[in-house]
Amino acid sequence: DTGVSQNPRHKITKRGQNVTFRCDPISEHNRLYWYRQTLGQGPEFLTYFQNEAQLEKSRLLSDRFSAERPKGSFSTLEIQRTEQGDSAMYLCASSPGQNQPQHFGDGTRLSIL
Amino acid sequence: QQPVQSPQAVILREGEDAVINCSSSKALYSVHWYRQKHGEAPVFLMILLKGGEQKGHDKISASFNEKKQQSSLYLTASQLSYSGTYFCGTEIVGTYKYIFGTGTRLKVLA
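These notes cover the structure that comes with them. The model shown is predicted, which means the values in this text are computed figures rather than measured ones.

Reading the values: rules and limits
For every chain, the first residue of the written sequence is number 1, and numbering continues from 1 along that sequence. As they are written, the chains are lettered A onward and the ligands numbered 1 onward, keeping that order. In keeping with the predicted nature of the model, local features appear solely for residues at pLDDT of at least 70, side-chain atom pairs appear and are counted solely at 80 or more, and the whole-chain, interface and lining totals rest on all residues. Only hydrogens and water are set aside when side-chain values are computed; all heavy atoms of the structure are taken into account. The disulfide definition used here is simple: a pair of cysteine sulfur atoms within 2.5 Å. Helix and strand definitions follow DSSP, with helices as H or I runs of at least four residues and strands as E runs of at least two, each counted in order from the N terminus. For every residue, the accessible area obtained with a 1.4 Å probe (protein chains only) is divided by the maximum for its type, and the residue is called buried under 20%, exposed over 50%, and partly exposed between those limits. Polar contacts, as counted here, are pairs of nitrogen or oxygen atoms within 3.5 Å of one another; within protein the pair requires one atom able to donate a hydrogen and one able to accept it, and residues that are adjacent in sequence qualify only if both atoms are side-chain atoms. Contact between two residues is taken to exist if any of their heavy atoms lie within 4.5 Å; hydrogens are not considered. Two parts lose some accessible area (1.4 Å probe) when they are put together, and adding that loss for both gives the buried area. Put simply, a salt bridge is a Lys or Arg side-chain nitrogen that is within 4 Å of an Asp or Glu carboxyl oxygen. Joining through side-chain atoms within 4.5 Å is the link that ties buried Ala, Val, Leu, Ile, Met, Phe, Trp, Tyr and Cys residues into a set, and such a set is a nonpolar core. Two strands qualify as a pair provided DSSP detects at least 2 bridges between them. To obtain an axis, a line is fitted to C-alpha atoms, over the contacting stretch when the element is a helix, and the angle between two such axes runs from 0 to 180 degrees between their N-to-C directions.

A closer look at the state of the cysteines
Here is the idea: a disulfide is a covalent bond, and it sits between the sulfur atoms of two cysteines. Residues and elements named next belong to chain A. Going through the model one piece at a time under the given rule, you end up with two disulfides over all chains. Here cysteine 23 engages in a disulfide with cysteine 92; their sulfurs sit 1.9 Å apart. Handedness of the cysteine 23-cysteine 92 disulfide follows from its S-S torsion of about -65°: it is left-handed. You can see cysteine 23 sitting in strand β3 (residues 19-24) and its partner cysteine 92 sitting in strand β9 (residues 88-95), a full 69 residues away along the chain.

If you want it as structure tokens, here you go:
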């Protein structure tokens, strides 16, 4: 169990640029979640994958956000035309099944200049 | 829709006890508890699947009242390492959306 890995750890970019984050879940986990967390708040659900299928997407997620999980392994989260309000910590978590613990990565901290 | 936790914050001395409550306006079929230390990712504590279920791990335990749509986390004889923000969490019934409660900041002083 090598844990959930996220890259990069930090990303600083100018407003209007596109950014992509990667998440490598624990290998035998078929469930993968993306969350966004701002200072003082709890993690906010963005999207959920079961294997390669994206089964749930938050309505809070604008069309500038897209996520993929090709082949049901690693996942990527892309934000296009970044805005100041996108500054946050983006967390990825994986779990082996329903009502099983979610294991979180260390997150990618995004800062928009 | 987000479960409400109380208290919002609590300060304890080492060895004191605390109770954190999580209350939902919607039906809860399971409740999960996580602790997040400053600058770190949330870490799983326990899952309660059935109404009336109680679980314990070391000096941390929890209960789940399905009818009242509430769960409580009990920390006894608190240690410095218990400091952090505690979140309850649940999957919204009929969806795959997972939501966290409003959070409780707990600080244990020596």
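More follows now that the structure is in view.
Looking at the environment of serine 111 of chain A
Residue and element names in this part refer to chain A. Here serine 111 shows up in strand β11 (residues 108-112). Overall, the relative accessible area of 29% leaves serine 111 in the partly exposed class. When the C-alpha atoms of serine 111 and leucine 61 are compared, they prove to be 18 Å apart, with 50 residues separating the residues in sequence.

Some thoughts on the side chain of serine 75 of chain A
All names here are of chain A. Mapping serine 75 onto the fold places it in strand β8 (residues 75-79). Residue classification places serine 75 among the buried positions, given a relative accessible area of 0%. From its side chain, serine 75 meets the backbone oxygen of glutamate 68 in a polar contact 2.7 Å long. Residues within four places of serine 75 in sequence aside, it is in contact with Phe21, Arg22, Cys23, Leu32, Trp34, Phe49, Glu68 and Arg69.

Some details on the interface of chain A and chain B
Reports of interface size often rely on the accessible area that becomes lost once the parts have come together. Chain A puts 21 residues into the contact, and the matching count from chain B is 16 residues. Of the roughly 1600 Å² buried where chain A meets chain B, counting both sides, 60% is carbon and sulfur surface. Here chain A and chain B share one salt bridge between them. Its salt-bridge partner being arginine 31 of chain A, residue glutamate 91 of chain B comes within 3.3 Å of it at the nearest N-O pair. Put simply, chain A and chain B have seven residue pairs in polar contact (both at pLDDT 80 or more) between them.

Description of the nonpolar core
Membership of the largest hydrophobic core comes to 20 residues, with the highest contact counts inside it found for Ile20, Trp33, Leu73, Leu75, Tyr82, Tyr86 and Leu106 of chain B. Among the elements of the structure, β3 (18-23), β4 (31-36), β5 (43-48), β7 (60-65), β8 (70-75), β9 (84-91) and β11 (104-109) of chain B are those that each provide at least two residues to this core. Residue contacts for isoleucine 20 of chain B: discarding those within four places in its chain leaves Gln5, Ser6, Trp33, Ser71, Ser72, Leu73, Leu75, Tyr86, Thr104 and Leu106 of chain B. The next biggest cluster of nonpolar side chains, apart from the first, holds 19 residues, and it includes Phe21, Trp34, Tyr90 and Ile112 of chain A.

A word on the sheet that holds β8 of chain A
Residues and elements named next belong to chain A. Strand order in this open sheet of four strands is β1-β3-β8-β7, and the pairing throughout is antiparallel. The open sheet has two edge strands, β1 (5-7) and β7 (65-68), and neither has a second partner. Adjacent strand axes in the sheet meet at a mean angle of 15° when their direction is disregarded. As paired strands, β7 and β8 are joined by four bridges and run antiparallel to one another. Residue glutamate 68 lies in a different strand from β8, and its bridge partner there is threonine 76.

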